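Notes for the structure review
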Amino acid sequence: MNDLSAYREAFIEELVDQLDRMEQELLSMEKEAAEETVQSIFRAAHTIKGSSAAMGFDEMKSVTHEVEHLLDMIRGKKLEVDGSLINLLFSALDVLKALRDEYMRGLSYSDISKLVYDLQNFTKAPIKPTPFKSLPELTLEQSLQVEEAVESGLQLLKVQINLSDDCPMMAARFQLTTQEITASYGTVICSDPSSVDYHETEDSVYSESIFLISTSLDMKDVQEQLSTLTDVRLVKVESYKPSSKPSSAVSVPKVQVQEDKSKQGPQTIRVSVERLEHLMNLVGELLIDQTSLSQLKQSVSSRFANEEFVERLSDISDHMSSIVEELQESVMKARMLPIEHLFNRFPRMVRDLSQKLGKEIELVLEGMETELDRTLIEEIGDPLIHLIRNAVDHGIEAAEVRASQGKRVKGRVRLNSFHEDNQVVITVEDDGAGILPDKMKASALRKGIITEEEAERLSDYHAMCLIFRPGFSTAAAVSEVSGRGVGMDIVRNQIERLNGLIDIDSKAGQGTCFTVRIPLTLAIITGLMVKVSGRDYVIPMNNVIEIVRIPMEHIQTVHGENVIVIRDKVIPLIWLHDALQLDKSKLVGKFIPIVVVGSAEKKLALAVDELLGNQEIVIKTLGTFLGKIPFITGATILGNGRVALILEIAYLIQMMNKHTIGQPAYTM
C-alpha cells in the first residue's frame, strides 16, 4: 500500500478551499438556482469525492457521492430547488466540515448514516410530481375540526384518488371510497367533490377527488391500503399544514458583495506559514542591523574627517536602508490575505441566525479586497462574530416592530473594511433600534456595575460604553444567541490585545455602528521610544494620541489623583516609574515630557524622563519562560544591541481604572 501521508497537506488545503466554495455557492443558489452556480457546486463536490476516495477517506466519499447525485439531478432539470433541498445540502456541508476537522485532528469520524439515508431518501422522492388538486376553502366548522385534530395529536393528510378510466359508475365508487375512508382510516373533514348528486352531476367529475382527513395512521400505510381499493388507479398522500405560510418560506439573508467576480486572480503558489514566519524573522534581523549601521554612520561622521570614507559609508547605509524597507514591505505583503477570507464566514452564520430568531436580515459585505496580516485575520474573527451576533439579536428589531415604526421589514447589517494610515478599520453597522443611554445606565445600576453618583456624571457616550463593562447586559431573557452578560468586555479585551481599539456610535431608532481599528500586522510596528530611569521603553504609536511638555506647576490633584488639563479635558496622569516600580530620576529642565495615550474611550497621560523619537521595531515575544509580565506585551532589539520592552497600554489603563498606580512625583 502506498504511503499517502505525503499528500495529506495538499489534500487538506484543497478540501478547505472546496468546502468554502460550496458554502458560498449554496448561499447564492438559495437566492437563485443559476446554472453556473449549480455547476460550480457540482464540480466542488466531484473534486472532494475524487480526492477523498484517493486518500481512503470513505466517509467523506460516501457523503459527497450522494450530494453529487442530487446536484446532477438538478443539472438535468429532474429536481426542483426548494427550501428543504437547500437545508439538506447545508446539513451535508456541515457534516463534511466536521469530517474535515476530525480528519485533521486524527479523531474518530462522526456517524454519517442518518445523513446518507436522508440524501438517498430525498432522491427517491417523486420527481416533479403532478400538483395536488386544490382543496375547497374550509368553512368555520371545518376549521374548528382541523384545530381539534391538531390538539388531539392527530395528523392531517391530503389524499387524492384517481379512478380508473374504465370504472363503470364513478359517482358510486366515489361514495364507497368516502365511506371506506371514514370507516377504516379517519375522519373526512372536507372533500371535492363534496357529495354525490346522481341527477345533476356528470359521472366523470368523480374520476379525480381530493380529501382532507384526520387520522392516527401513518401516511405510508394510508396510501398503500387505499391503493388496493377496487377501480382505484392512483393514490397520492401528503401532509397538510393548517398554516397558510409554506414550509419553505423561510427568511434568508440577502448578501450583497461589492466586488467584481469576473476578474480572474493572479497566478499563485502555496507557501507554508512556517516559511513566511522564518522569512519575516530574517527581515527583522536585517532591520536591526540596518538601524545599527545607521547609528554607526552617525558616530563615524562625527569622529572622522575622511570625507570619502564617510560619504561611501553613508551611501551604503542609505542603499541598505532602502533595500531593507522594500524587502520588509514585500514580505509583509506576502503575509497579507484579503479580508474576504474572513468575511466569507458570515453570510452562512447570519442565514442560520435569521432563521433561528425568525427575522429577515440583509447582510451587506464591503471592502472585501482589504488586506490584513493572516495572523490578525484569525485573531479578529471571534470578536467580529460576537459583534454580528449582537447586531442580529439585539440590534435588529422584530419584523412587526420595524413595520410599526415605518421601517422596512428586512433589517440590514453592514460589514465594511478599509485601510487608514497603517491600520485596518472594520465597521459593523446595523439599522436597528440603537442604544439608549438611559436604559444602559439603569441596567448598570441594577447590576451594581456603577453607583448613582457615577451614573449622574456619565455622558450619553460614556453611558453607551457601559456595554464594554464585565457582566453588563440589557437582554430581557437569556437565549442561545446572547444575553448571558458576557461577551462585549471580552471583545474589547481581545481587540486591545491586538494593539487595536474599538469605538461605538449609536442613534436611537436608527442603529448602531462599532468601529474596530487594528494594525496591519503584529510583526513590525512603529513605536515611540521613551527613556525611564535610564532604560528604553517602546509605546506603540497606535496608542499615542499626542505628546506635550508641561511645567511641573500645571500638574493638578483631583480626589487625590494627579491630572493634567489639555484643551479643557481632564486627563489622569501617572509616572511610568511608579507603574514599572523604578526609581525616579531627578527632574532635568523646566518641562516634563508627557505622552497622552488612549485605549477605546479612555485616555491616560504618561510622564517620562525623555522622548527618543519614532522607530520601526520588530516585536519579539517574551516566551513562556518569563510568563505574563504586567504592562509588558513584548520586546525588541535596538540598533545598539540593547533590549527595549514594549508597553501594553490597554492593560496599563485598565489597571489605572481599578486603583491608583502613581503617587505625587518629582520634588523640586
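Below you will find a few notes about this structure.

The rules we used
Residues numbered from 1 in each chain as written. Predicted model: local features only at pLDDT ≥ 70, side-chain atom pairs only at ≥ 80, totals over all residues. Heavy atoms only, no water. Phe/Tyr/Trp six-rings, centres within 6.5 Å; stacked < 30°, edge-to-face > 60°. Helix = DSSP H or I, 4+ residues; strand = E, 2+ residues; numbered from the N terminus. Lys NZ or Arg CZ within 6 Å of the ring centre and 35° of its normal. Expected span 1.5 Å × (residues − 1). Buried < 20%, exposed > 50% of the residue type's maximum accessible area, 1.4 Å probe, protein only. Salt bridge = Lys/Arg side-chain N within 4 Å of Asp/Glu carboxyl O. Contact = heavy atoms within 4.5 Å. Pairing = 2+ DSSP bridges. Axes fitted to C-alpha atoms, helices over the stretch in contact; angles between N-to-C directions. Polar contact = N/O pair within 3.5 Å; in protein donor to acceptor, adjacent residues only side chain to side chain. Core = buried A, V, L, I, M, F, W, Y, C linked by side-chain atoms within 4.5 Å.

1. Observations concerning the packing of aromatic side chains
Taken as a whole and judged by the stated rule, the model has seven aromatic pairs. With a centroid separation of 5.0 Å and an interplanar angle of 20°, the aromatic rings of phenylalanine 57 and tyrosine 103 are classed as stacked. Remark: tyrosine 103 occurs in helix 4 (residues 83–105) and phenylalanine 57 occurs in the loop between helix 2 (35–54) and helix 3 (58–75); sequence separation between them is 46 residues. Taken together, the ring pairs connect Phe11, Phe57, Tyr103 and Tyr109 into an aromatic cluster. The positively charged end of arginine 8 is found above the aromatic ring belonging to tyrosine 103, 4.7 Å away from the centroid.

2. Comments concerning helix 3
Spanning 18 residues, helix 3 covers 25 Å between terminal C-alpha atoms, matching the ideal 26 Å at 1.5 Å per step. Turning to helix 3, its buried residues are Met60, Val63, Thr64, Glu66, Val67, Glu68, Leu70, Leu71, Met73 and Ile74. Two residues or fewer after helix 3 comes lysine 77, characterised by a positive phi angle close to 60°.

3. Quick look at the pattern of salt bridges
Applying the stated criterion to the full structure yields 22 salt bridges. In this structure, lysine 49 engages glutamate 68 in a salt bridge whose closest nitrogen and oxygen atoms are separated by 2.6 Å. A residue pair is termed long-range when its members are at least 10 positions apart, and lysine 49 in helix 2 and glutamate 68 in helix 3 qualify at 19 residues. We classify lysine 49 as buried; its relative accessible area is 19%. With a closest N to O distance of 2.9 Å, aspartate 72 and arginine 75 form a salt bridge. Here aspartate 72 pairs with arginine 75, and both are found in helix 3, just three residues apart, close to one helical turn.

4. Quick look at the environment of glycine 509
Among the structural elements, glycine 509 can be located in the loop between strand 11 (501–507) and strand 12 (511–519). Given a relative accessible area of 33%, glycine 509 falls into the partly exposed group. Placed 114 residues apart in sequence, glycine 509 and glycine 395 show a C-alpha to C-alpha distance of 9.9 Å. Sequence-distant contacts of glycine 509, that is, excluding residues within four places in its chain, are made with Lys407, Gly432, Ala433 and Gly434.

5. Side note on helix 2
Over its 20 residues, helix 2 extends 29 Å from the first C-alpha to the last, a length consistent with the 28 Å expected when each residue adds 1.5 Å. When we look at burial in helix 2, the residues that qualify are Thr37, Val38, Ser40, Ile41, Phe42, Ala44, Ala45, Ile48, Lys49, Ser51 and Ser52. Positioned one or two residues after helix 2, glycine 56 has a phi angle of 75°, which is positive.

6. Things to note about the sheet that holds strand 14 (residues 535–540)
Spatial ordering of the open sheet is given by 21-13-14-23-22, a layout of five strands whose pairing is mixed. The sheet is open, and its two borders are formed by strand 21 (610–618) and strand 22 (632–637), each paired with just one other strand. When the angles between neighbouring strand axes are averaged without regard to direction, this sheet yields 35°.

7. Description of the pairing of strand 7 (residues 361–365)
When you tally the buried positions in strand 7, you get five out of five residues, the bulk of the element. With burial as the criterion, each face of strand 7 is covered, one bearing Ile361, Leu363 and Leu365 and the other bearing Glu362 and Val364. Alignment of strand 7 against strand 9 (residues 411–420), held across five bridges, turns out to be parallel. Pairing of valine 364 across the sheet is with arginine 414, part of strand 9.

8. Examining the side chain of threonine 512
Summarising the element assignment, threonine 512 is placed in strand 12. Residue threonine 512 is classed as buried on the basis of its relative accessible area of 6%. Among the polar contacts listed, one links the side chain of threonine 512 to the side chain of serine 506, at a separation of 2.9 Å. Not counting the four nearest positions on each side in its chain, threonine 512 is found in contact with Val428, Glu429, Asp430, Gly434, Ile435, Ile504, Asp505 and Ser506.

9. A look at the nonpolar core
One finds Phe343, Phe346, Ile380, Leu384, Leu387, Ile426 and Ile467 to be the most contacted residues of the largest nonpolar core, which totals 47 residues. Apart from the residues lying within four places of it in its own chain, the contact partners of leucine 387 are Val428, Met488, Val491, Ile502, Phe514 and Val516. Judged by nonpolar contacts, the second largest core, of 39 residues, contains Met60, Met73, Leu96 and Leu119.

10. Remarks on the pairing of strand 20 (residues 602–607)
Pairing of strand 18 (residues 569–575) with strand 20 involves three bridges; the strand directions are parallel. From the neighbouring strand, isoleucine 574 faces strand 20, where its bridge partner is leucine 606.

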